[in-house]
Amino acid sequence: MINWVVAKTALEYMPIDEKRDLYKCHDKFKTVDDIVDWSTYVRNKFSSCIAEKDSHEEDEKIQTDVNVDADDEDYEAEADDYYYYDEDPDADIDLGDDVESSESSDDDSMEEITNDNNKRVFRKGNIKGSTENDASKENTSTGDSSVIATNEAVQSDDEKKKEFVNSRISVFIGDIICLEIDAIVVTASEELFEGGRVYNPVICAAGPMFLRAECGAMGALGEGAIGNAKISGGYKLPAKYIIHAVGPKGEHPDQLRSCYKRAMDLLKEHKLETIAFSCLSTGIYGYPNESAANVALETIRNWLEEEEYSAKVKRVIFCLSDQHDIDIYHKLMSEYFPLPNSLE
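As the structure is a prediction and not an experimental result, all values here were calculated from the model. The residue numbering used here restarts from 1 in each chain and proceeds along that chain's sequence as written. Thresholds applied to this predicted model are a pLDDT of at least 70 for local features of residues and 80 or more for the giving and counting of side-chain atom pairs; totals over whole chains, interfaces and linings are not thresholded and use all residues. Based on all heavy atoms of the structure, the side-chain values leave hydrogens and waters out of the count.

A. Spotlight on helix α9 (residues 289-306). Taking 1.5 Å of rise per residue, the 18 residues of α9 would be expected to cover 26 Å, and the 26 Å separating its terminal C-alpha atoms lies within 8% of that figure. Relative accessibility thresholds used throughout: buried, under 20% of the residue-type maximum; exposed, over 50%; partly exposed, between the two (1.4 Å probe, protein chains only). Working definition: helices are DSSP H or I runs of at least four residues, strands are E runs of at least two. Numbering for both runs from the N terminus. Listing the buried residues of α9 in full gives Ala292, Ala293, Val295, Ala296, Leu297, Thr299, Ile300, Trp303 and Leu304. To estimate how far a helix should extend, the number of its residues minus one is multiplied by 1.5 Å.

B. Structural context of the packing of aromatic side chains. Any Phe, Tyr or Trp ring, taking Trp's six-membered ring, that has another such ring centre within 6.5 Å forms a pair; planes under 30 degrees apart are called stacked, those over 60 apart edge-to-face, and the others tilted. Enumeration over the complete set of coordinates arrives at five aromatic pairs. Ring plane angle 20 degrees and centroid distance 5.4 Å describe the contact between Trp38 and Tyr41, whose orientation is recorded as stacked. Linking Trp38 with Tyr41, this pair stays in helix α3 (residues 38-66), spanning three residues, or about one helical turn. The exposure class of Trp38 is buried, given its relative accessible area of 8%. The interplanar angle of 15 degrees and the centroid separation of 6.1 Å between the aromatic rings of Phe210 and Tyr235 together place this pair among those described as stacked. With Phe210 in helix α7 (residues 208-218) and Tyr235 in the loop between β8 (229-233) and β9 (241-246), this residue pair connects regions lying 25 residues apart in the sequence.

C. Seen up close, the packing of helix α8 (residues 253-269) against α9. Helix axes are fitted to C-alpha atoms over the stretch in contact, other axes to C-alpha atoms as well, and angles between N-to-C directions run from 0 to 180 degrees. One way to put it is that α8 packs onto α9 with a least axis distance of 9 Å and a crossing angle of 40 degrees. Taken together, the axes of α8 and α9 are oblique relative to one another. When you trace α8 past α9, the crossing you get is right-handed. The segment α8 lies against α9, with Pro253, Leu256, Arg257, Tyr260, Lys261, Met264, Asp265 and Lys268 engaging Ala292, Val295, Ala296, Glu298, Thr299, Ile300 and Trp303. Residue composition of the contact of α8 with α9, by class: nine nonpolar, one polar and five charged. Every angle not falling under 35 degrees, over 145, or within 65 to 115 is termed oblique; those three ranges are roughly parallel, roughly antiparallel and roughly perpendicular. What makes a crossing left-handed is the near helix being turned counterclockwise from the far one by less than a right angle; a clockwise turn instead makes it right-handed. Here, residues are in contact when the closest pair of their heavy atoms is within 4.5 Å. By the convention adopted, Pro, Cys, Tyr, Trp, Phe, Met, Ile, Leu, Val and Ala count as nonpolar, Lys, Arg, Asp and Glu as charged, and the other residues, Gly among them, as polar.

D. Focus on the pattern of salt bridges. Salt bridges are defined as contacts in which a side-chain nitrogen from Lys or Arg sits within 4 Å of a carboxyl oxygen from Asp or Glu. Going through the model one piece at a time under the given rule, you end up with 10 salt bridges. We note a salt bridge from Asp182 to Lys240, for which the minimum N-O separation is 3.7 Å. Highlighted residues: Asp182 in the loop between β6 (179-180) and β7 (183-188) and Lys240 in the loop between β8 and β9, separated in sequence by 58 residues. Given a relative accessible area of 49%, Lys240 falls into the partly exposed group. For Lys261, the salt bridge is made with Asp265, and the minimal N-O distance between the two is 3.3 Å. Pair noted here: Lys261 and Asp265 are both in helix α8, with a separation of four residues, about one helical turn.

What follows is the structure, encoded as structure tokens:
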């Protein structure tokens, strides 16, 4: 009888430099430090755009400074709305019959405006009521300040939550057997002896003799297994563990959602910190790729937002190898993991 327990324990505690000699991917393995989180990815992606925007704004500012004199001329063109007086600023002013004198008991009937050309300018119309309106607006503004502060606090909390979740999410384009992390998740059958197109390469890279022996010892999940998952050793894989998720055949959102949630729960139960998902139930299992991606992204986002253990999770990685899946995830990631306002 194959002693898979001894092999599993030996490989689990083997010095990392020695174990790396056993990797089927050789030196092409990737650690979590080699894969940027979603938030960093966004910053890198948009940094050049931000620099270009800043450059454009600087050019506009220079153009504005050049046209300052022209703006002053345009200001004077609004003569129909203002009275202009070219006399000495201290001279007495005749406002005409249609407006009250500046010596009137009502000093607020006209609004005096300072002009760069040393003119005294008065805005037409009765300004008396405007002071009262301004005071009313000021009181309203003061009354709303607490509401604004509360809204800003809520927005700040939302921003922090976005940043927290984004810092724990990654997209990796490559082979899942190359990931040197805590656990990888693949689609498996109820018997744990076969699965999706990713499953067989994983079994081969891990070492089929020991892995199949452990799966046999765990036993088939049996009826009602769809949506469930079990965890085994990773053996010769860079990953320490393999999570075998029994995915649905065809489009069954509740069952697929259960696969992702159960895998994350196993991460928590075994006190792991890093995990990578293949595109569960797609391919030969027949789940439409985009629909499956929606379920995956929504489930992981909800788990990270709701579980206290998410504070100990370093990274959840969506591993993609097919161009169709790459395009889908690039489209959907920003919907489920939106950028903080500071990056938009």
